[in-house]
Amino acid sequence: MQYVNAWRAVAAATGRADRGAAEDGVRLAYRSAGLEEPERIIWADSPRAAVEVVEKLSGAGRPVREEVRTRPWAEERRRMYDELGPAGWSALWSATGAQLWETTAALAERIRTGVVAELATRPDDESGIRLLLLDAVLGQHDAAWLAAFDGRGDRLTGLAEVARNAGWWWPYEHAVVISERPDVLHRDEAGRLDRGDGPALAYADGFALYAWRGMTVPAEFLDGLASLTPDRIRAEENAELRRVMLEYYGYDRYLAESGAEPVHRDETGILWRIAMDGDEDVVMVEVVNSTPEPDGTHRTYWLRVPPRTRTAKEGVAWTFGLEGEAYAPVRQT
C-alpha cells in the first residue's frame, strides 16, 4: 500500500518539474534500453506545447518509445508473471496498479482529447496529432503500472524517476521533449475532473480543461453557473449541459423554485418529476429522516431515481436494490 499511495501522489502532482532529476531519469532510461543518451532535451510548458515542439523538431531521429518504455515494461511484466505465477501476478496488480488505473487512464485520455481539440484546426490534422501523441511516454500518468513494479528491481528506475519529477515526454534517437506538470488539478471524490469556478486542469502556458463532475464543459459555461435561474435551466438546449446546471443549482432548489407539483405521495415520501425537453425526465423522491437531528428537527433528503419510477415507495425501494413490493422496513432510520 505504501507504493500505491506514493504513486497516487505522483499521478496527482502539480507544480514545476524538477528538471535536473527528470533529465537524469531520461538518460538512465536510455542507457537501460541500450541506447546512446539523447543529445538534446527540450522542455515545454504543457503536452499541447510539447506536441507543437515535436511537430517542428528536426534532426531528432526516429521515435524510440518502443525501446525506452514498451519493451522494458513488457519484459518486466513477463519476469514478474513467471516469478509469481498467474494468481500471484493478478494479486499484485489488484493491490497496486489496479488501484490507480481507471482514474489515471481517464485523465490521460482527457488530456489527449484536449490537445487534439486545440491543435487540430482542420479535420485532416487530427490523425497526425494523434500519431504524435502515441509517441509520448506519460511520465506521472504512468503511475499505475509503475506502482506494480516499485521495489521489485531497477530495470524501470529511469522511467520511474522521470515520472516522479515531470509530465509527459517524447523520446527520439537524438532528442527528447519533456512537458511540465500541470499547475492546477481539481477532482471529485470519484477521481473525475471537477471544478465549478475555473479550470479543473491547467498548465502554465494556458492549456486547460474545464469539467463538472467529469463532464467536459466550455470555459464560458462555468461563468454563468452562479447566476442560474429555473428559466435559464429550462432554456438550455444541450441536455448534458442542462444536467450540469441542475446538479450545480440543486434538484431540491429547482423543484421548490420552479413550481413543480408532486406526482405521488405515500408513507415513504413524495415523488417529484421534472419534464426535460430532449432528455429523460428527472425523477426524485423526497424523504424525511425519521431520526431527529440534535436540535430536534428532521432532515429532508432528495433521492434521484430512474425515470420509470411511478410511486415514492418504488423509488425508495430502488435505492436499496429492491422492488417496491419487497420494501417493507420494520423501522426507518
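Before reading further, recall that the structure is shown in the block above.
Residues numbered from 1 in each chain as written. Predicted model: local features only at pLDDT ≥ 70, side-chain atom pairs only at ≥ 80, totals over all residues. Heavy atoms only, no water.

1. Some points on the sheet that holds strand 6 (residues 208–209)
To keep things clear, this is the line we draw: Here the rule is simple: two strands pair whenever DSSP picks up at least two bridges between them. The secondary structure listing takes helices from DSSP runs of H or I that are at least 4 residues long and strands from runs of E that are at least 2 residues long, numbered from the N terminus.
In space, the three strands of this open sheet follow the order 4-5-6, with antiparallel pairing throughout. With one partner strand each, in any of the chains shown, strand 4 (184–185) and strand 6 form the two edges of the open sheet. As paired strands, strand 4 and strand 5 (residues 201–202) are joined by two bridges and run antiparallel to one another. Looking across to strand 5, one finds that Val184 is bridged to Ala202.

2. As for helix 6 (residues 126–134)
Cut-off, in case you're wondering: Residue burial is assigned from relative accessible area. The probe radius is 1.4 Å, only protein chains are included, and a residue is buried under 20% of its type maximum, exposed over 50%, and partly exposed in between. It is the directions from the helix axis to the C-beta atoms whose arc is reported. Two residues form a contact once any of their heavy atoms are found within 4.5 Å.
Every buried residue of helix 6 is listed here: Ile129, Leu132 and Leu133. Down the axis of helix 6, the sector holding all buried residues measures 100 degrees, keeping them to one side. Residues of helix 6 that are exposed and point more than 90 degrees away from the buried face comprise Leu131 and Leu134. Buried-residue contacts for helix 6 involve helix 3 (47–56), helix 5 (97–119) and strand 2 (169–171).

3. Quick word on the sheet that holds strand 3 (residues 175–179)
Counted only if it meets this: Inter-axis angles, ranging from 0 to 180 degrees, are taken between N-to-C directions of lines fitted to C-alpha atoms, where helices are fitted over the stretch in contact.
Strands sit in the order 1-3-2 across an open sheet of three strands; the sheet is mixed. The two strands at the open ends of the sheet, each matched to only one other strand, are strand 1 (40–44) and strand 2. Averaged over all adjacent pairs, the angle separating strand axes in this sheet is 15 degrees, with direction ignored. Pairing of strand 2 with strand 3 involves three bridges; the strand directions are antiparallel. Across the sheet, the residue bridging to Pro171 is Val176, located in strand 3.

4. Topic: the nonpolar core
In plain terms, the rule: Here, nonpolar core means buried Ala, Val, Leu, Ile, Met, Phe, Trp, Tyr and Cys residues that are tied together by side-chain atoms lying within 4.5 Å of each other.
In this structure, Trp7, Leu159 and Trp169 are the most contacted members of the largest nonpolar core, which totals 33 residues. Elements represented by at least two residues in this core include exactly helix 1 (2–11), helix 2 (19–32), helix 4 (65–95), helix 7 (143–149), helix 8 (157–165) and strand 3. Residue contributions to this core peak at seven residues, all from helix 7. Not counting chain neighbours up to four residues away, the residues in contact with Trp7 comprise Leu100, Ala143, Leu146, Ala147, Asp150, Ala160, Ala163 and Arg164.

5. Observations concerning the pairing of strand 3
Among the five residues in strand 3, five count as buried, and that is most of the element. Of the two faces of strand 3, the one lined by Ala175, Val177 and Ser179 and the one lined by Val176 and Ile178 are each fully buried. With five bridges joining them, strand 1 and strand 3 adopt parallel strand pairing. Across the sheet, Ile42 pairs through a bridge with Val177, a residue of strand 3.

6. Things to note about the side chain of Glu67
Our working rule: Identification of polar contacts relies on pairs of N or O atoms within 3.5 Å, with a donor-acceptor requirement for protein atoms, meaning one able to donate a hydrogen and the other able to accept it, and with residues adjacent in sequence counted only if both atoms are side-chain atoms.
Structurally, the position occupied by Glu67 is in helix 4. Engagement of the side chain of Glu67 in a polar contact is seen with the side chain of Arg62, the distance being 2.7 Å. Excluding residues within four positions of it along the chain, Glu67 makes contact with Ala33, Leu35, Arg62 and Pro72.

7. Looking at helix 11 (residues 239–249)
One turn of an α-helix holds 3.6 residues; hence residues three or four places apart share an orientation. Along helix 11, the residues that are buried comprise Ala239, Leu241, Arg242, Val244, Met245, Leu246 and Tyr249. Elements that come into contact with the buried residues of helix 11 comprise strand 7 (211–212), strand 8 (215–216), helix 9 (219–223), helix 10 (230–235), helix 12 (251–257) and strand 11 (282–288). Measuring from the backbone nitrogen of Leu241 back to the side-chain oxygen at the start of helix 11 gives 2.9 Å, which picks out Asn238 as the cap. Looking at the residues trailing helix 11, positive phi occurs at Gly250, about 100 degrees.

8. Some words on the packing of aromatic side chains
For clarity, the cut-off: Planes of paired rings set the category: under 30 degrees apart is stacked, over 60 is edge-to-face and the rest tilted, where pairs are Phe, Tyr or Trp rings (Trp by its six-membered ring) whose centres lie within 6.5 Å.
Overall, the coordinates contain eight aromatic pairs when judged by the stated rule. Each ring, one from Trp89 and one from Phe149, has its centre 5.9 Å from the other, and the planes form 35 degrees; the classification is tilted. Residue Trp89 is located in helix 4, and its partner Phe149 is located in helix 7; the two are separated by 60 residues in the primary sequence. Among the residues examined, Trp89 registers a relative accessible area of 8% and is labelled buried. Judged by relative accessible area, which is 6%, Phe149 ranks as buried.

9. Comments concerning the environment of Arg195
The topology assignment puts Arg195 in the loop between strand 4 and strand 5. Separated by 16 residues in sequence, Arg195 and Ala211 have C-alpha atoms that sit 6.1 Å apart. Here the side chain of Arg195 touches Pro199 through a polar contact of 3.0 Å, landing on its backbone oxygen.

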